[in-house]
Amino acid sequence: MTMHLKRPLKRSGILSAAAVGALSLSLAACATAGPNQGTYTDRLDAMMADCEARGGILTATGAQSGVPERDHACIIRGLPSSRTQ
């Protein structure tokens, strides 16, 4: 019968494993393709076209997040819908 002794993990080993795990998760998140593909300008142009098609004006919200959906809003002004009259 062979006895195997387990060596206790050192604190630096646990921290190293945690750092490697966190790094791999962050790299995997960056590598996955999400719904927000394209450059900032491409997405902004698409938002502007959609907003103008609905009769609105795309305006800046004042945020500078690097995400056009957060940095801009479609403002639609005009007559109320027929359901509210």
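These numbers come from a predicted model, not from an experiment.

Participant: Could you give me a rundown of the overall build of the chain, with the residues and numbers involved?
Facilitator: Within the chain one finds 3 helices and 2 strands. If you list the helices and strands of the chain from N to C, you get α-α-β-α-β. Counting across all 85 residues of the chain, residues that qualify as buried make up 12%. Sequence separation of at least 24 residues holds for 26% of the intrachain contacts in the chain that already meet a minimum separation of 6. Total accessible area on the chain is roughly 7600 Å²; 60% of this is exposed by carbon and sulfur atoms.

Participant: Report on helix α2 (residues 40-53), specifying residues and quantitative values.
Facilitator: In this model, α2 (14 residues) spans 20 Å end to end at C-alpha, consistent with the 20 Å of a helix rising 1.5 Å per residue. Considering only its buried residues, α2 is in contact with β1 (57-60), α3 (68-71) and β2 (72-75). Immediately beyond the C-terminal end of α2, within one or two residues, lies G55, with a positive phi of roughly 85°.

Participant: Which residues make up the state of the cysteines, and what values go with them?
Facilitator: Applying the stated criterion to the full structure yields 1 disulfide. Linked covalently through their sulfurs, C51 and C74 form a disulfide whose S-S length is 2.0 Å. Handedness of the C51-C74 disulfide follows from its S-S torsion of about 85°: it is right-handed. On the criterion of sequence distance, the pair formed by C51 in helix α2 and C74 in strand β2 is long-range, its members being 23 residues apart. For C74, a relative accessible area of 26% corresponds to the partly exposed category.

Participant: Help me get a handle on the pattern of salt bridges, residues and values and all.
Facilitator: Per the stated rule, a full pass over the model turns up 2 salt bridges. Among the salt bridges present, the one from E69 reaches R43, with a minimum N-O distance of 2.9 Å. Pair noted here: E69 is in helix α3 and R43 is in helix α2, with a separation of 26 residues, a long-range link. According to the relative accessible area criterion, E69 is partly exposed, its value standing at 38%. Classification of R43 as buried rests on a relative accessible area of 14%. Linking D50 and R54 is a salt bridge whose minimum nitrogen-to-oxygen distance equals 3.5 Å. Judged by relative accessible area, which is 42%, D50 ranks as partly exposed. Overall, R54 belongs to the partly exposed group, its relative accessible area being 47%.

Rules behind the numbers
Residues numbered from 1 in each chain as written. Predicted model: local features only at pLDDT ≥ 70, side-chain atom pairs only at ≥ 80, totals over all residues. Heavy atoms only, no water. Helix = DSSP H or I, 4+ residues; strand = E, 2+ residues; numbered from the N terminus. Buried < 20%, exposed > 50% of the residue type's maximum accessible area, 1.4 Å probe, protein only. Contact = heavy atoms within 4.5 Å. Areas by Shrake-Rupley, 256 points an atom, 1.4 Å probe, with all protein chains shown as cover. Expected span 1.5 Å × (residues − 1). Disulfide = S-S within 2.5 Å. Salt bridge = Lys/Arg side-chain N within 4 Å of Asp/Glu carboxyl O.

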